[in-house]
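Chain and residue survey
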Amino acid sequence: MSERLTSSSTSKHPRWLQWLPPLFLLVSAVALFSTTGPSREIPAELPDSLFHRLVQLAAQGLGTERAYWVFLPFALLLIWCSGDLTRRMLPPKTPAPARTLATSLGMVCATMLLLSWLQRGLSPQPASHFGMAATACLLAGWSLYLHGESAGKRHWCGFAGLMLGLGAGVNAFAAIGVLPVFARATFNLIKNAKDNKIRVGLLLLGFLLGFLPQLAAFRQSLPEATAFDFAHTTEALRWLFAAAGVAGVLFISLALLVGILQRNALMLGFVLSTLVLQKIATAFYAEADPERTGTKLALVAILYAYGLFRVVRGIESGLHSANPAKVKALMPALLILLLIIFKIWTARLFYPAG
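Treat the numbers as computed from the prediction; the structure is a model and nothing was measured.

Cut-offs applied
The numbers attached to residues start from 1 for each chain and follow its sequence in the written order. Note on the predicted model: pLDDT of at least 70 is required for a residue's local features to be given, and 80 or more for side-chain atom pairs to be given and counted; whole-chain, interface and lining totals, by contrast, use all residues. As a rule here, side-chain values come from all non-hydrogen atoms in the structure, and water together with hydrogens is ignored. Here a strand is any run of E in DSSP of at least two residues, a helix any run of H or I of at least four, and the numbering for each starts at the N terminus. In this scheme, a residue with accessible area under 20% of its type's maximum is buried, one over 50% is exposed, and one in between is partly exposed, where area comes from a 1.4 Å probe on protein chains only. When checking whether two residues touch, look at their non-hydrogen atoms; a contact exists if any pair is within 4.5 Å. In these tables, accessible area is a Shrake-Rupley quantity obtained with a 1.4 Å probe, and a residue counts as shielded only by the protein chains included in the view. What makes a nonpolar core is a set of buried Ala, Val, Leu, Ile, Met, Phe, Trp, Tyr and Cys residues whose side-chain atoms join them at distances within 4.5 Å. Helix span, as expected, comes to 1.5 Å for every residue beyond the first. Throughout, the arc means the angular range of directions from the helix axis out to the C-beta atoms. Every residue gets a pLDDT, meaning the predictor's confidence in that residue, from 0 to 100. Salt-bridge detection follows one rule: a side-chain nitrogen of Lys or Arg within 4 Å of a carboxyl oxygen of Asp or Glu. Disulfides are defined as cysteine sulfur pairs within 2.5 Å. Lines are fitted to the C-alpha atoms to define the axes, a helix being fitted only along its stretch in contact, and any angle between axes, read from their N-to-C directions, falls within 0 to 180 degrees. Left-handed describes a crossing in which the near helix is turned anticlockwise from the far one by less than a right angle; the clockwise case is right-handed. Aromatic contacts are taken between Phe, Tyr and Trp rings whose centres are within 6.5 Å, Trp giving its six-membered ring; a plane angle under 30 degrees counts as stacked, one over 60 as edge-to-face, and the others as tilted.

1. Section: the overall build of the protein chain
Helix and strand counts for the protein chain stand at 14 helices and zero strands. In the protein chain, the succession of helices and strands from N to C terminus is α-α-α-α-α-α-α-α-α-α-α-α-α-α. Among the 354 residues that make up the protein chain, the fraction classed as buried is 50%. Counting only contacts in the protein chain whose residues sit at least 6 apart along the sequence, the fraction spanning at least 24 positions is 81%. Roughly 17000 Å² of accessible area belongs to the protein chain as shown, and the carbon and sulfur atoms make up 66% of that amount.

Given below as C-alpha cells:
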C-alpha cells in the first residue's frame, strides 16, 4: 500500500489544478441553495451560545426566515476542511494532481453524504443545538492545528484552539473530537518541550477564549443522567451503515486497512479515535438526535473519500506499470470528470426528474 508514484517539488503540473478545489466548493454552495428549509420561529429554548446570539442578531437584519443562512460559511467550512483533511492523510511526496484529487473527493463526499444535514443546519430546527456549525469548527480546528505543527507556523495553533473551543462550547458531542488534539499536543510537548510549549500554550489559550463564554450552553448539551445502554450505539451504527451504503462500507474498510498498515496518524489518532469515542458516548443519550448522527457521518465521509481515493490510486499504479507515458494524464482527466459528474448531480437537485 506504499506510494509507488512520487514526484519532487520541481515536477511540473498543470497550473489549473490549483483552481479546482475552489470550483468544487462553489458547486457545493450551489447544492446547498437547491432547497430551502421550513420557515419557523427561532426557538427561545436554545442554549445561550455564541451561535444562538449570532442567529438572533441576523434575525434583526435579515428576518426570521433567512436568519439561519448566516451558518452558510460554517457549512462551506465543513466541506472545505473535509477535503483538506483527506489530503493531509497522504504521504508528503504525493504528486500535486493526486493531492488535488484527494481534496476534491473529500469535498464531494462531504457534500453528497451530508447534504440534507447541512441544509437542516441552515434552517431553524426546534431541537437543533447547532451540531453542523460545531462540527465545522471541530474539523477546522483539526486542520489549523496540523498546519500549526509545521515549522514557523505555530501561531496557527491559537486559531485552532479558538475553533475547537467554539465547537466544543455549543455541542458536547462534537467536543469529544477535542480530546485527540490535546492528547497529541501533550505527547509532542513531552517529546520536545522546547519546540512545542508555545504551541500548547496558544492552543490552550485559544480554546479557553472560545469555550468559556459558552460554558452554560455546554452544560445544557450534556446527556441527561440516564442508564448506559449500548442499544443506542448499535442503532446509531446501523444508521451509519445504511447512510454510507454497501459501496461506502467497502471504501471505508479499505481506508481503515490502509491507515492501519501505514500507521496514518491523522486517520487513527483523530478520525477513528473520535468516531469510537462518539459511539461510546451515544449510549449515554436516551434518544436519537440527527445532530449527533450528522457529526459522526461527517467523519465517515472523510474515510469514504480516502477509501475511494485509494481505489483510484491502485488503478493508477496498475496503469503505470503498463503505460507510464500516458498515466500522467489520468489524474487531471479524473478531476475534470469528477467535476462534471458533481455538477450534473447538483443540476438534478434543481431540476428533479419527473
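2. Points about the nonpolar core
One finds Leu-32, Phe-71, Leu-118 and Trp-142 to be the most contacted residues of the largest nonpolar core, which totals 100 residues. For Trp-142, the contacting residues outside a window of four places in its chain are Leu-85, Leu-164, Gly-177, Val-181, Phe-270, Val-271, Thr-274 and Leu-299.

3. Topic: the environment of Asp-289
Inspection of the secondary structure assignment puts Asp-289 in the loop between α12 (265–282) and α13 (290–322). Note on Asp-289: relative accessible area 17%, which makes it buried. As for Asp-289 and Gly-131, which are separated by 158 residues in sequence, their C-alpha atoms are 9.9 Å apart.

4. Thoughts on helix α9 (residues 193–211)
If you check α9, its first and last C-alpha atoms are 25 Å apart, about what 19 residues at 1.5 Å a residue would give, namely 27 Å. Burial in α9 covers these residues: Asn-196, Arg-199, Leu-203, Gly-206, Phe-207, Gly-210 and Phe-211. Viewed end-on, α9 has its buried residues packed into an arc of 120°, placing them on one side of the element. Of the residues in α9, the exposed ones pointing more than 90 degrees away from the buried face are Lys-194, Lys-197, Leu-205 and Leu-209. Buried-residue contacts for α9 involve α5 (131–148), α6 (156–170), α8 (178–191) and α10 (215–221).

5. Observations concerning helix α3 (residues 72–88)
Owing to its 3.6 residues per turn, the α-helix brings residues three or four apart onto one side. Here α3 contains 17 residues, and its C-alpha end-to-end distance of 24 Å stays within 8% of the 24 Å for a straight helix at 1.5 Å per residue. Buried residues dominate α3, accounting for 12 of its 17 residues. Within the sequence span of α3, burial applies to Leu-72, Phe-74, Ala-75, Leu-76, Leu-78, Ile-79, Cys-81, Ser-82, Gly-83, Asp-84, Leu-85 and Thr-86.

6. Thoughts on the confidence of the model for the protein chain
With 86% of its residues at a pLDDT of 70 or more, the protein chain shows a mean pLDDT of 84. Under a pLDDT of 50 for its full length, residues 1–10 has, in the predicted model, 21 contacts with residues more than four places off or in other chains. Residue range residues 37–42 is modelled with pLDDT below 50. Its contacts to residues more than four positions away, or to other chains, number 17 contacts.

7. Regarding the pattern of salt bridges
What the rule picks out here adds up to four salt bridges. Note that Asp-84 and Arg-87 form a salt bridge whose closest N and O atoms lie 2.6 Å from each other. Taken together, the positions of Asp-84 and Arg-87, both in helix α3 and three residues apart, correspond to about one turn of that helix. On the basis of relative accessibility, which here comes to 27%, the residue Arg-87 falls in the partly exposed class. For the salt bridge of Glu-316 with Arg-313, the shortest nitrogen-to-oxygen distance reads 2.2 Å. Placement of the pair is Glu-316 and Arg-313 together in helix α13, with a separation of three residues, close to one helical turn. When its relative accessible area of 7% is taken as the criterion, Glu-316 is described as buried.

8. A few points about the environment of Phe-270
Among the secondary structure elements, Phe-270 is positioned in helix α12. Taking the C-alpha atoms as reference points, Phe-270 and Leu-139, separated by 131 residues in sequence, lie 10.0 Å from one another. Each residue touching Phe-270, except ones within four places of it in the same chain, is listed here: Trp-142, Tyr-145, Leu-146, Pro-180, Val-181, Arg-184 and Ala-265.

9. Comments concerning the state of the cysteines
Scanning the entire structure with this criterion turns up zero disulfides. Distance from the sulfur of Cys-81, which forms no disulfide, to the nearest cysteine sulfur (Cys-137) is 9.3 Å. Residue classification places Cys-81 among the buried positions, given a relative accessible area of 4%.

10. A few points about unusual backbone geometry
Unusually for a residue other than glycine, Arg-263 sits at a positive phi of about 55°. For Arg-263, a relative accessible area of 73% translates into the label exposed.

11. What to know about the packing of α6 against α9
One way to put it is that α6 packs onto α9 with a least axis distance of 6 Å and a crossing angle of 35°. Along this stretch, α6 crosses α9, giving a crossing that reads as right-handed. Contact residues: α6 offers Cys-157, Gly-158, Ala-160, Gly-161, Leu-162, Leu-164, Gly-165, Leu-166, Ala-168 and Gly-169, while α9 offers Arg-199, Leu-202, Leu-203, Gly-206, Phe-207, Leu-209, Gly-210 and Phe-211.

12. Thoughts on the packing of aromatic side chains
Following the criterion strictly, the structure yields 14 aromatic pairs and no others. Judged by centre distance (5.6 Å) and plane angle (55°), the ring pair of Phe-71 and Phe-74 falls under tilted. Owing to a relative accessible area of 1%, Phe-71 belongs among the buried residues under this scheme. Residue class for Phe-74 comes out buried when judged on its relative accessible area of 16%. With a centroid separation of 5.3 Å and an interplanar angle of 45°, the aromatic rings of Phe-71 and Phe-130 are classed as tilted. In this pair, Phe-71 sits in the loop between α2 (50–62) and α3 while Phe-130 sits in the loop between α4 (96–120) and α5, placing the two residues 59 residues apart along the sequence. Linked through ring pairs, Phe-51, Phe-71, Phe-74 and Phe-130 together constitute an aromatic cluster.

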